[in-house]
Amino acid sequence: MKRPGPLLTLLAGLLLAVFMLSLNATTGVRNASSSRPRTPGTAPPASATPGKSTSPPSPSPSASPSASPSASPVPNADYAGRTDDDSSAVAVSLRDGRAIAYFCDGHDKESWLKGDVRDDGTLRLTGKNGAGLDGTLRDGRRIRGTVEFGGRHYAFTADKAVKPSGLYRATATVRGAELDGGWIVLPGGRQVGVLDRDGEPSAAPVIDPETGAVTVDGQKLTARPVTP
């Protein structure tokens, strides 16, 4: 049997060499691709941790704005003072949003007035024969306002009163006459009052502000603090 000739041996060697070169080229490309350096600034893909959420944390709720300060409550207090022209006195008593006031000149002019106190400290009180009082409570320390009486307007300032200052009243029947007396005790002890006898007003006798004791036509009465 004849051996293959030199030409066939050479051809087989060439084919083997070509195959080996092709194999080396493919392996080199794959290795180069896997070992390619990561571009700077590019984060590696994050791997999820089992049991933990990868979603970003929800923003914390913003604090709600604080409520605006509420208005100061209307105090339960008494106020007493004079009109700007110093002709008369005014006293006002506040209790639980209600108000009662007394205006008098210590001779023959007087008026009892009633009404509500608004949350903003303003007052609108009314009395007989068209009398009225408009006022504003200022910082709980005083009332500034105007009394309308007999077709005239009397501006006044009434400061917060400390007992025995304040407003007093006494009613009784003495010797068949209906008596109704009102007194304003001002800071410092000065008194202004009118006593009505069956519809006839006149200057009221002085009361003891500590006890309210007063004598009218020989009979002892007690003037008591007035509240709404």
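Residues numbered from 1 in each chain as written. Predicted model: local features only at pLDDT ≥ 70, side-chain atom pairs only at ≥ 80, totals over all residues. Heavy atoms only, no water.

(A) Just the overall build of the protein chain, in detail. Within the protein chain one finds one helix and 15 strands. Looking at the protein chain as a whole, 32% of its 228 residues are labelled buried. Excluding contacts between residues fewer than 6 apart, the proportion of contacts in the protein chain whose partners are at least 24 apart in sequence is 38%. By element, 55% of the accessible surface of the protein chain is carried by carbon and sulfur atoms, the whole surface being about 15,100 Å². (Helix = DSSP H or I, 4+ residues; strand = E, 2+ residues; numbered from the N terminus. Buried < 20%, exposed > 50% of the residue type's maximum accessible area, 1.4 Å probe, protein only. Contact = heavy atoms within 4.5 Å. Areas by Shrake-Rupley, 256 points an atom, 1.4 Å probe, with all protein chains shown as cover.)

(B) Geometry of the sheet that holds strand β6 (residues 132-138). Strand order in this closed barrel of eight strands is β1-β2-β3-β4-β5-β6-β7-β8, and the pairing throughout is antiparallel. Sheet twist, expressed as the average angle between the axes of neighbouring strands with direction ignored, equals 25°. As paired elements, strand β5 (residues 122-127) and β6 share five bridges and run antiparallel to each other. Bridge pairing in β6 links R124 to D134. (Pairing = 2+ DSSP bridges. Axes fitted to C-alpha atoms, helices over the stretch in contact; angles between N-to-C directions.)

(C) Expanded view of the pairing of strand β8 (residues 152-160). As defined by bridge partners, strand β1 (residues 77-83) adjoins β8 across five bridges and the pair is classed as antiparallel. Bridge pairing in β8 places R82 opposite T157. Taken together, the eight bridges between strand β7 (residues 142-149) and β8 define a ladder with antiparallel strand orientation. From the neighbouring strand, I143 faces β8, where its bridge partner is A158. Taking the residues between adjacent antiparallel strands as the criterion, β7 and β8 are bridged by two residues, where G150 takes a positive phi near 60°.

(D) Quick look at the pattern of salt bridges. Per the stated rule, a full pass over the model turns up 13 salt bridges. Residues K109 and D108 are paired through a salt bridge, measuring 4.0 Å at the closest nitrogen-oxygen approach. Via salt bridges that share partners, D78, R95 and K163 belong to a single interconnected network. (Salt bridge = Lys/Arg side-chain N within 4 Å of Asp/Glu carboxyl O.)

(E) Region of interest: the sheet that holds strand β10 (residues 177-185). Across the sheet, which stays open at both edges, the five strands sit in the order β12-β11-β10-β9-β15 with antiparallel pairing between neighbours. In this open sheet, the two edge strands, each paired with only one partner strand, are β12 (200-203) and β15 (224-225). Bridging between strand β9 (residues 166-174) and β10 involves nine bridges; their strand directions are antiparallel. In the sheet register, L167 faces β10, and the bridge partner there is I184.

(F) Region of interest: the confidence of the model for the protein chain. Chain-level statistics for the protein chain give a pLDDT mean of 81 and a share of 68% at 70 or above. Low pLDDT, under 50, characterises residues 28-35; the predicted model gives this stretch zero contacts beyond four residues in sequence or across chains. The low-confidence segment residues 59-70, where pLDDT is below 50, has zero contacts with residues more than four positions distant or belonging to other chains. (pLDDT = per-residue confidence, 0-100.)

(G) Quick peek at the packing of aromatic side chains. This structure, assessed with the given rule, holds three aromatic pairs. With a centroid separation of 5.4 Å and 45° between ring planes, the pair formed by F103 and F149 is classed as tilted. Of this pair, F103 sits in strand β3 (residues 98-104) while F149 sits in strand β7; the two residues are 46 residues apart in sequence, bridging distant segments of the chain. Note on accessibility: F103 and F149 belong to one class, buried. Aromatic side chains F103 and Y154 sit 5.1 Å apart centroid to centroid with 45° between the ring planes, which places their arrangement in the tilted category. Taken together, the residues span a long stretch of sequence, with F103 in strand β3 and Y154 in strand β8 at a distance of 51 residues. Among the residues examined, F103 registers a relative accessible area of 0% and is labelled buried. Taking the relative accessible area as the measure of exposure, Y154 reaches 4% and is therefore buried. Put simply, the rings of F103, F149 and Y154 touch in pairs and so form one group of aromatic residues. Taking NZ or CZ as reference, K163 lies 5.4 Å from the ring centre of Y168, over its face. (Phe/Tyr/Trp six-rings, centres within 6.5 Å; stacked < 30°, edge-to-face > 60°. Lys NZ or Arg CZ within 6 Å of the ring centre and 35° of its normal.)

(H) Representation of the pairing of β10 in the model. Of all the nine residues making up β10, seven are buried; the element is thus mostly covered by neighbouring parts of the structure. As paired strands, β10 and strand β11 (residues 191-197) are joined by seven bridges and run antiparallel to one another. In the strand pairing of β11, I184 is matched with V192. Remark: five residues form the turn of the hairpin made by β10 and β11, two consecutive strands paired antiparallel; G188 in that turn has positive phi of roughly 100°.

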